[in-house]
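# Structure assessment
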Amino acid sequence: MIVLFWSAVVFLAYTFLGYPLALWILSRFRYRVHHKASIWPEISIIIPAHNEAGRIGQKILNTLELTYPSDRREILVASDGSSDDTVAIVREYADRGVKLIEIPQNRGKHFAQMVARDESHGEILVFTDVSAMLEPTSVQKIVSNFSDPQVGCVTGEDHIVMIGGKGTGEATYVHYDKWIRRLESRIGSLVGLSGSFFAARRMVCEPWNPVQSSDFFLALQAVSKGFRAIVDPECGVRYNSQYRQSVEFKRKVRTVVHGLDVLFSHAELLNPFRFGPFSWQLISHKLLRWLVPFAVLLMTVSCLCLWDAGFFYRFVFVCLLLMYASGLALLSSRHADKIKLVKLAGFFVLGNTATIVAWIKFCSGEKYTAWQPTPRS
């Protein structure tokens, strides 16, 4: 049990501290710069939408305000089986160059993106969510990265706008993940993009899998085609964070199920003899991260079995129980998120519980196709 306990500790320490530290050290010696220049290729801005009547007008206006030349870009809104006024609202902007694509049934976000890709004409495809508000120069900046022929995908960075000035466990995770993505981009290539705002060369978008997460499989596809996937910190995208923890739990389950599907359908990229450091990044950032809940459970069980082995193991066991209690408190109480430690511990527990549920669903063959956008505003 002592061996199992310390194995779990080492696993968790490497996943959350060792891997970022190794990236940081490697970035001191391996810094792959990429070139940026003002270029103006034809682009297609693709916005998938499902029942977004409350936000689609604001998103379209935000897109029309982008500084990219109107004669070099097209805007496509793919309505994925919307049953509200989304379609009618989009039609109001037809005279301003906004193209509506109607999909009769709710087939899913990535299916809608695929249909819009087929209808588009741009050399560079820019994908953005309805909830994501872009800075006026964001698209111009993200496209400038494609002046480097080695760049296949570029992602922007998420900036969460706190409702009422309150932070969330999600915000802490986003900042941590942004740091890792910057390091990965600096030494080579990202293992995943930000689904709210990213761009890709058309050739990277072929083939397309309509039931897999485009922000993950396109990054992997870029690497397999000999390109890099990078992050541009100057391309910010903002969205509000005000949804319930129960909604976040369901979103996390869906995200991890999609991620596992993409990962194991691109298993060849896990071979370090073919893909070198990128395989190490993919294993460390994705696979090991999704195995964290099982390491935490192993720590809990081993601590319980080592109760009589010393105060240290009893102390760790009590801390783990308090962490689990924080998760329950965050899910059941509106006031628990006012305590920072409870908020962080609770977010960690909820995320890991969702990951376990996702593994069960993935192993049972369940897939998420139809979608209900997370209610950010």
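As a starting point, this report considers the structure included with it. (Residues numbered from 1 in each chain as written. Predicted model: local features only at pLDDT ≥ 70, side-chain atom pairs only at ≥ 80, totals over all residues. Heavy atoms only, no water.)

Let's shift gears to helix H1 (residues 2-29). Most pronounced at Tyr14, the bend in H1 amounts to some 50°. Of the residues making up H1, those classed as buried are Phe5, Ala8, Leu12, Thr15, Tyr19, Pro20, Leu23 and Ser27. (Bend = angle between axes of the 7 residues up to and from the residue. Helix = DSSP H or I, 4+ residues; strand = E, 2+ residues; numbered from the N terminus. Buried < 20%, exposed > 50% of the residue type's maximum accessible area, 1.4 Å probe, protein only.)

Another point: helix H4 (residues 109-119). Within H4, 8 of the 11 residues are buried, leaving the element largely enclosed by the surrounding structure. For H4, the full list of buried residues reads Lys109, His110, Phe111, Ala112, Gln113, Met114, Ala116 and Arg117.

The next thing to look at is the nonpolar core. Grouped together as the largest cluster of nonpolar side chains are 46 residues, with contacts concentrated most on Phe127, Cys153, Leu193, Leu218 and Leu282. Ranked by residues supplied to this core, first place goes to helix H7 (residues 214-224) with 7 residues. When residues no more than four places from it in sequence are discounted, the contact partners of Leu218 are Phe127, Cys153, Leu193, Phe198, Val204, Cys205 and Trp208. The next biggest cluster of nonpolar side chains, apart from the first, holds 31 residues, and it includes Leu64, Ile124, Val151 and Ala199. (Core = buried A, V, L, I, M, F, W, Y, C linked by side-chain atoms within 4.5 Å. Contact = heavy atoms within 4.5 Å.)

Taken together, Leu21, Trp24, Ile25, Phe29 and Trp179 make up a surface patch of nonpolar side chains, about 580 Å² in accessible area. Sort the elements by how many residues they give to the nonpolar patch and H1 lands first, with 4 residues. With respect to the helices and strands, Trp24 occurs in helix H1. (Patch = residues over 30% accessible without salt bridge, like charges linked within 9 Å, V, L, I, M, F, W, Y side chains within 5 Å. Areas by Shrake-Rupley, 256 points an atom, 1.4 Å probe, with all protein chains shown as cover. Salt bridge = Lys/Arg side-chain N within 4 Å of Asp/Glu carboxyl O.)

Attention now moves to the packing of H7 against helix H10 (residues 277-305). At a minimum axis separation of 12 Å, H7 and H10 run at an interaxial angle of 160°. In terms of their interaxial angle, H7 and H10 are classed as roughly antiparallel. By crossing handedness, the relation of H7 to H10 is classed as left-handed. In this structure, H7 contributes Phe216, Leu220 and Val223 to the contact, and H10 contributes Phe278, Leu282, Lys286 and Trp290. (Axes fitted to C-alpha atoms, helices over the stretch in contact; angles between N-to-C directions. Parallel < 35°, antiparallel > 145°, perpendicular 65-115°, else oblique. Left-handed = near helix turned anticlockwise from the far one by under 90°.)

Attention now moves to the pairing of strand E2 (residues 73-80). In terms of residue burial, E2 counts as a mostly covered element, since 8 of its 8 residues are buried. Residues Arg73, Ile75, Val77 and Ser79 of E2 are buried on one face, and the alternating residues Glu74, Leu76, Ala78 and Asp80, pointing to the opposite face, are buried as well. Sheet topology note: the strand E1 (residues 43-49)/E2 ladder contains 7 bridges and is parallel. Along E2, the bridge assignment pairs Pro48 with Ala78. Crossover E1 to E2 through helix H2 (residues 56-64) is right-handed. Direction of pairing for E2 relative to strand E3 (residues 98-103): parallel, over a ladder of 6 bridges. Note on E3: the bridge partner recorded for Ala78 is Ile101. The β-α-β motif built from E2, the intervening helix H3 (residues 86-91) and the parallel element E3 has right-handed crossover chirality. (Pairing = 2+ DSSP bridges. Right-handed = clockwise from strand over helix to strand, strands pointing away.)

Here we come to the packing of aromatic side chains. The full count for this structure, using the stated rule, is 18 aromatic pairs. On the basis of an interplanar angle of 90° and a centroid distance of 5.9 Å, the ring pair of Trp307 and Phe317 is categorised as edge-to-face. Here Trp307, found in the loop between H10 and helix H11 (311-332), pairs with Phe317, found in helix H11; they are 10 residues apart in sequence, far enough to count as distant. Under the relative-accessibility criterion, Trp307 is labelled partly exposed at 35%. Put simply, the rings of Phe5, Trp6, Phe312 and Tyr313 pair up and form one aromatic cluster. Of note, Arg107 hangs over the ring of Phe111, and the distance from its end group to the ring centre comes to 4.0 Å. (Phe/Tyr/Trp six-rings, centres within 6.5 Å; stacked < 30°, edge-to-face > 60°. Lys NZ or Arg CZ within 6 Å of the ring centre and 35° of its normal.)

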